[in-house]
Amino acid sequence: MKDVGLVGVAYSGKSTLFTALTRAGSHGGQANVAVVSVPDERLQVLTDMERSAKTVAAQVRFVDVPGGVSSAQGIAKLREVDALAVVLRCFGADAAPLDELETVRAELLLADLGVIESALEKAVKKSRQKPGPEVDALQRAKEALDAETPLRDADVSDEDAVHLRGIAPLTLKPEVVVANLEEGLEVPPSLAEVGAVGVYASIEAETAEMDADEARALLEEFGVSQPGLETVIEACYRALDLITFLTTGEDETRAWEVRRGAKAPEASGVIHTDLERGFIRAEVIGYDELVAAGSMDAAKSVGKIRVEGKEYEVQEGDILHVRFAV
């Protein structure tokens, strides 16, 4: 499960967005945290096909902290998340979303600069005679931040990232830009250029108490074809470079997240560490192929299930059955 922190200036609507995404209330003065299931229509199709006793969706945890990047508590909480969603107000005569984006990014950068300068000073004192790789990594990070370059844009090496891990730099985390819209508006071209996704937070927050089907019907009346939760999660998955693979059978149909490019043993390890350690092979079929076949048994009977080894790169929508020995 991945954690996504909501960030925004005052009155950007990030707490309203939290309610819209999670269907949970937002409480002032304290961190708001809620876990939501990742919408995936494939799960019900597979559950019905295999008559699974249980269906389990992938999950995302959203975090909204009071004060955001302007408070020490907010900074500490945001350092724990996997990605940041920057919420920008795009309605009202005085809306200035690009200015808000610049403000948030500057605050994140300054927060990182402060903690990295402190860490660098300590590392230099600790090394005394000969600076080691930690000092070098911190120095390179400081130079990038001094040049007002977010660390995600600074080509941080894997080795340097290891030394920065304890600091959890905010500007190294993947970023999603969310345009908070009102009825009748679309994502401004200036934000579209930076890859922003649009969500009608105030409209969707009003549906938080409704049944999911009722909420979707109401949103469609307002011209909202895709709920904000799906929009934001899809953007977060892209930013985190994640894909979804599936497992299905009589006991359970389940969605799993794994980094794009992961080999079969790594994906197996997401299910259970024993599967990665004792991986032998994976029986694989794509979701569309399985649906076309009608069932796993039917797919096996016509030879549609492939046997893949340790070098197989798992694809979006793959359905895996792992053979292993411990």
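To be clear, the structure that these remarks concern was listed above.
Asker: Teacher, can you tell me more about helix α11 (residues 264-271) here?
Answerer: Because an α-helix completes one turn every 3.6 residues, residues spaced three or four positions apart along the sequence face the same direction. Here α11 has its buried residues at Ala264, Pro265, Ala267, Ser268 and Gly269. Contacts from the buried residues of α11 go to β8 (242-247), β9 (253-259), α12 (273-277), β10 (279-286) and β12 (318-324).

Asker: Would you take a moment to explain the packing of aromatic side chains for this structure?
Answerer: The geometry of an aromatic ring pair is captured by the separation of the ring centres together with the interplanar angle, meaning the angle of the planes. This structure, assessed with the given rule, holds one aromatic pair. Considering the side-chain rings of Phe245 and Trp256, the 6.5 Å spacing of their centres and the 15° angle between planes classify their relative orientation as stacked. One end of the pair, Phe245, is in strand β8; the other, Trp256, is in strand β9, and eleven residues separate them in sequence. Overall, Phe245 belongs to the buried group, its relative accessible area being 0%. The exposure class assigned to Trp256 is buried, which follows from its relative accessible area of 11%. Above the plane of the ring of Phe91 lies Arg89, whose end atom (NZ or CZ) is 5.9 Å from the centre.

Asker: Help me understand the sheet that holds strand β2 (residues 32-37), please; the structure alone is not making it clear to me.
Answerer: Strands in a sheet are paired, the pairing made by backbone hydrogen bonds, and the direction either parallel or antiparallel. One open sheet holds the six strands; their spatial order is β2-β4-β1-β5-β6-β7, and the pairing between them is mixed. Pairing within the sheet leaves two strands with one partner each, and these edge strands are β2 and β7 (197-199). In this sheet, adjacent strand axes meet at a mean angle of 30° when their direction is disregarded. Both strand β5 (residues 83-89) and strand β6 (residues 175-180) contribute to a ladder of six bridges, which runs parallel.

Asker: Honestly, unusual backbone geometry in this entry has me stumped. Any pointers?
Answerer: The phi torsion of most residues other than glycine is negative, and most of the peptide bonds are trans. Non-glycine residue Arg51 carries a positive phi angle of around 55°. When you line up the elements, Arg51 lands in the loop between α2 (41-50) and β3 (55-56). Backbone geometry at Asp155 places phi at a positive 55°, although glycine is not the residue there. Relative to the assigned elements, Asp155 resides in the loop between α5 (133-146) and α6 (158-164). Using a relative accessible area of 76% as the deciding quantity, one classes Asp155 as exposed.

Asker: Where do I start with the pairing of strand β4 (residues 59-64) in this structure?
Answerer: Two faces make up the sheet, and in a regular strand the side chains alternate between them. Of the pairings in the sheet, the one linking strand β1 (residues 2-7) to β4 comprises five bridges and is parallel in character. Each residue of the ladder has a partner; that of Gly5, found in β4, is Val63. In this sheet, β4 lies alongside β2 in antiparallel orientation, the contact comprising six bridges. By the bridge assignment, Val33 is partnered in β4 with Val63.

Asker: Got a minute to help me understand the environment of Ile285 in this structure?
Answerer: With respect to the secondary-structure elements, Ile285 resides in strand β10. Overall, the relative accessible area of 1% leaves Ile285 in the buried class. Separated by 33 residues in sequence, Ile285 and Asp318 place their C-alpha atoms 5.9 Å apart. The contact partners of Ile285, leaving out residues within four places of it in the chain, are Leu290, Met296, Ala299, Lys304, Ile305, Arg306, Gly317, Asp318 and Ile319.

Asker: Even after reading the chapter, I still don't get the side chain of Glu50, so can you show me in this structure?
Answerer: Here Glu50 is to be found in helix α2. Here Glu50 is in contact with Thr248, Gly249, Glu250, Ser295 and Met296, once residues within four sequence places are set aside.

Asker: Mind showing me how you'd approach the state of the cysteines here?
Answerer: Formally, a disulfide is one covalent bond, and it connects the sulfur atom of one cysteine to the sulfur atom of another. Within the structure shown, the criterion is met by zero disulfides. Looking at Cys90, it has no disulfide partner, and the nearest cysteine sulfur is the one in Cys236, 17 Å off. Cys90 gets classed as buried once you look at its relative accessible area, which sits at 11%.

Asker: Looking at this structure, I do not really get the nonpolar core. What am I missing?
Answerer: A general tendency of soluble globular proteins is for nonpolar side chains to be buried together. Leu17, Val60, Phe62, Val178, Ile233 and Leu290 are the most contacted members of the largest nonpolar core, which has 39 residues in total. Considering each element in turn, this core owes the most residues, seven residues, to helix α10 (residues 228-240). Aside from chain neighbours lying at most four places away, what touches Phe62 is Val4, Leu6, Phe18, Leu21, Thr22, Asn32, Val33, Ala34, Val36, Leu229, Val232 and Ile233.

Asker: Hey, could you run me through α5 in this one?
Answerer: Taking 1.5 Å of rise per residue, 14 residues should cover 20 Å, and α5 covers 20 Å from first to last C-alpha, within 8% of that figure. Residues Val135, Ala137, Leu138, Ala141, Lys142, Ala144 and Leu145 constitute the buried set of α5. Check the buried side of α5 and you find it contacts α4 (97-127) and α6. At the exit of α5 stands Glu148, carrying a positive phi of roughly 60°.

Conventions we followed
- Residues numbered from 1 in each chain as written.
- Predicted model: local features only at pLDDT ≥ 70, side-chain atom pairs only at ≥ 80, totals over all residues.
- Heavy atoms only, no water.
- Buried < 20%, exposed > 50% of the residue type's maximum accessible area, 1.4 Å probe, protein only.
- Helix = DSSP H or I, 4+ residues; strand = E, 2+ residues; numbered from the N terminus.
- Contact = heavy atoms within 4.5 Å.
- Phe/Tyr/Trp six-rings, centres within 6.5 Å; stacked < 30°, edge-to-face > 60°.
- Lys NZ or Arg CZ within 6 Å of the ring centre and 35° of its normal.
- Pairing = 2+ DSSP bridges.
- Axes fitted to C-alpha atoms, helices over the stretch in contact; angles between N-to-C directions.
- Disulfide = S-S within 2.5 Å.
- Core = buried A, V, L, I, M, F, W, Y, C linked by side-chain atoms within 4.5 Å.
- Expected span 1.5 Å × (residues − 1).

Note that every value here comes from positions in space, so none of it alone points to a role or purpose.
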